[in-house]
Each structure stands twice: as C-alpha cells, then as structure tokens.
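Architecture at a glance
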Amino acid sequence: MLAKLRDRINEIDREIMRLLRERIEIAKEIGKYKKKKGLPIWDPQREREILETVGEFRAVFREIIGLCRSAQEAIKVCFLGPKGSFSHKAAVEVFSHYAELIPCKSFRELFDAVEGGKSDFSILPIDNSLAGPVGEVLDLLLERDVYIVGESYEKIDLCLLSGRDLGEIKEVYSHPHALEQCREYVADRLQNVRLIKVDSTSTAGQLAKEKGEGAIGSELLSEIYGLKVIDRSIQDRKNNYTRFIVISRKKVKGDKSSLIFSVKNVPGALYKALEPFAKRQIDLSSIHSRPVKIKPWEYIFFMDFKGSSDNPQVKEALSELEEFSIFVKFLGSYPSGRTP
C-alpha cells in the first residue's frame, strides 16, 4: 500500500516538474517580449493578481513566480541587513528567494543603491502599527529621486530558536528591543536562562548556531542558521505589523498612491489641501507630518490614498492640491499590499 502511494506521488512530482518547465519556457518568451517593448521585468500588479487566486498555496506560488521571473532576467533587491532581519524576510515575501537579495547597513545606503544603479529595487520599513512612521525614511523620500512601486505588510513575529530543546538552553541571545518585546515570555519560560544582548537578531541567530544555545528573532533565522523553532509568536503584543515599501528609479501602475506636500502656515491651509480629496470621496489611508529641518515650526505632509494617478478624479484632486500648496512631490502609484 505504502509503495503504491509513493509511486503515485512520484508520478505527480514528474508532472509538476513538466508543467514547471513549460511555465518557465513561456515566462522566457514573455521576458523577450517585455525587453522588446521596453517593459519592466517585475510586474507587481500581475504577481498580486496571481497570488490572490491561489489561497493556501501562496508561499509556493511566490517561489514559482520568482523562479520564472529569474528565467527572464535576474533582479537585484537591497534590504536593511544583516541576513535574517525582518527587512530580509519582507524582501523574500515580495520577491522570493530567487531574486539577488543584498543586505545594506543603513537607509541611506538603500536609497543610494537604487539611485546609483547598484540594485533594481530596495525594500525598507516606513511605518509600524505600534511605533508609528519611520522618520528617516520619510525624510529620504523627500530628498531623493525615487518612486514607491510596491508595499507589503509584515507581521513582526518573534520566535525562540535553538538547536537544543528548551530545557537544555542555558543562554539566549537577542537584540535589546526584541528581549523587551518578549518580557512576559522570558519571565514565564526562561527564568533560569542567561539573556545576552547583541547588536541584532541576526547576530543572535549566528551565535546560537555557533555556541549551541538559543536566540530570539524571526523564523527566517531558522532557515539561515539551521535552528529549530521552539516557540512562535512569543512577543507580548501579538498585533505588531510593519509596512514595507519598495522603491525604484522607474514608475509602475497601481491602485494606491503616495505623495508629499507642504502648505503655508495660515489658518485653514491643511483643510483646503485635503478638501479636493474629500469632495471626490478619495480615501486617504494615512497622513503624517514631519518638521521642515531648515525652517522651524513649519511642516511637510506625507499622504497615502486609494486611487491611481491615471484616474481622472485623482488628477483633478492633485491639480487642486497644487493650487493650495507650496509644493507637491508625487511619489508614485503602485499595487496596494494585503492589509492585516
């Protein structure tokens, strides 16, 4: 009975491989067409449409799409490193393991990589459900000549990882912030364990592997360093999400848009700037203010809204916004990510 079932699995596997080879060949033809027409290899709108139809096989199809994309052309994606960080995890979620993923040391380096042509894309955090917006990233979007071309919402799940069983662990390594976020778990399950603070959760995973001890970090560390996941979601607050954006030198199309604007410091200025969107029932999904560094007590505003720059009503709203604003910088339209 078991032998027959395994034979059937082998038959299915051979058929899956045949179909994968066929899909890759078709993808190559699509790649040739895109190059001929000057179209981008990465089509986030098309990839989102596919992933929304495959249900529980989303992670599998993410890798299939990445494999086929790499057969068209290799793409380079920079992320805030080191490997095993939550930014690394987000890069894998968006681009799969088949992209060339390059760790960077700072937000500025991520922008430099795209502007200088070192990478096709950079992915970086812009907002967190608990901590709020990432100010430096907002500032760099104002300063640099890039576009937002994608977004992804990632749950920040912390795990206890080790090559040992829980009762055998004597030391646990992690970043101070991660340890702080897991105070209840640490107090309950790790009373007799020595906690050692290190510069990143990625370093924690590496040390846990080298020393045969434990680490607290993302589940991706188990894949990188060959550790097993002892417990998942050990953070005190379970609904912790980070919104990541993808930046590029080239625009894409999508159903969500972002921009930066500034208004005069006079009564009703912000109201007048937002009124064009309100009267057209354009959904503003977020708005953040940042101080203007060279002008004390003046502010710029970062705004996300539902709608494409190709939409006639959006065009009208943007035109009216420009009338009331000191300046407007459009950051791009892009496919909206799956919200938690």
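A separate point is the packing of aromatic side chains. Evaluated as defined, the whole model comprises 5 aromatic pairs. Both rings, one in tryptophan 42 and one in phenylalanine 95, keep their centres 4.8 Å apart while their planes meet at 40°; by these two values the pair is tilted. Highlighted residues: tryptophan 42 in the loop between α1 (2-37) and α2 (44-51) and phenylalanine 95 in helix α4 (residues 86-95), separated in sequence by 53 residues. The pair tryptophan 42 / phenylalanine 95 is uniform in exposure class, with both members buried. On the basis of an interplanar angle of 70° and a centroid distance of 4.9 Å, the ring pair of tryptophan 42 and phenylalanine 121 is categorised as edge-to-face. You can see tryptophan 42 sitting in the loop between α1 and α2 and its partner phenylalanine 121 sitting in strand β3 (residues 121-128), a full 79 residues away along the chain. For the pair shown, tryptophan 42 and phenylalanine 121 are each scored as buried. One aromatic cluster in this structure is built from Trp42, Phe95 and Phe121.

Among all residues save glycine, negative phi is the norm, and among peptide bonds the norm is trans. Residue proline 82 follows glycine 81 across a cis peptide bond; omega there is 5°. For proline 82, the position within the fold is in the loop between β1 (76-80) and α4. Positive phi values are uncommon outside glycine, yet serine 233 reaches one of about 50°. Notably, glutamine 281 is not glycine yet its phi reads approximately 55°, a positive angle. Locating glutamine 281 in the fold gives a position in the loop between α11 (269-278) and β13 (284-291). The exposure class of glutamine 281 is exposed, given its relative accessible area of 76%.

Ordered in space as β13-β14-β12-β15, the 4 strands form an open sheet in which the pairing is antiparallel. Looking along the sheet, the strands with just one partner apiece sit at the ends: β13 and β15 (325-334). On average, each strand axis in the sheet is inclined to that of its neighbour by 15°, with strand direction left out of account. Sheet topology places strand β12 (residues 256-263) next to β15; 8 bridges connect them, and they run antiparallel. Across the sheet, the residue bridging to lysine 256 is tyrosine 334, located in β15.

Thresholds, definitions, all that
Residues numbered from 1 in each chain as written. Predicted model: local features only at pLDDT ≥ 70, side-chain atom pairs only at ≥ 80, totals over all residues. Heavy atoms only, no water. Phe/Tyr/Trp six-rings, centres within 6.5 Å; stacked < 30°, edge-to-face > 60°. Helix = DSSP H or I, 4+ residues; strand = E, 2+ residues; numbered from the N terminus. Buried < 20%, exposed > 50% of the residue type's maximum accessible area, 1.4 Å probe, protein only. Pairing = 2+ DSSP bridges. Axes fitted to C-alpha atoms, helices over the stretch in contact; angles between N-to-C directions.

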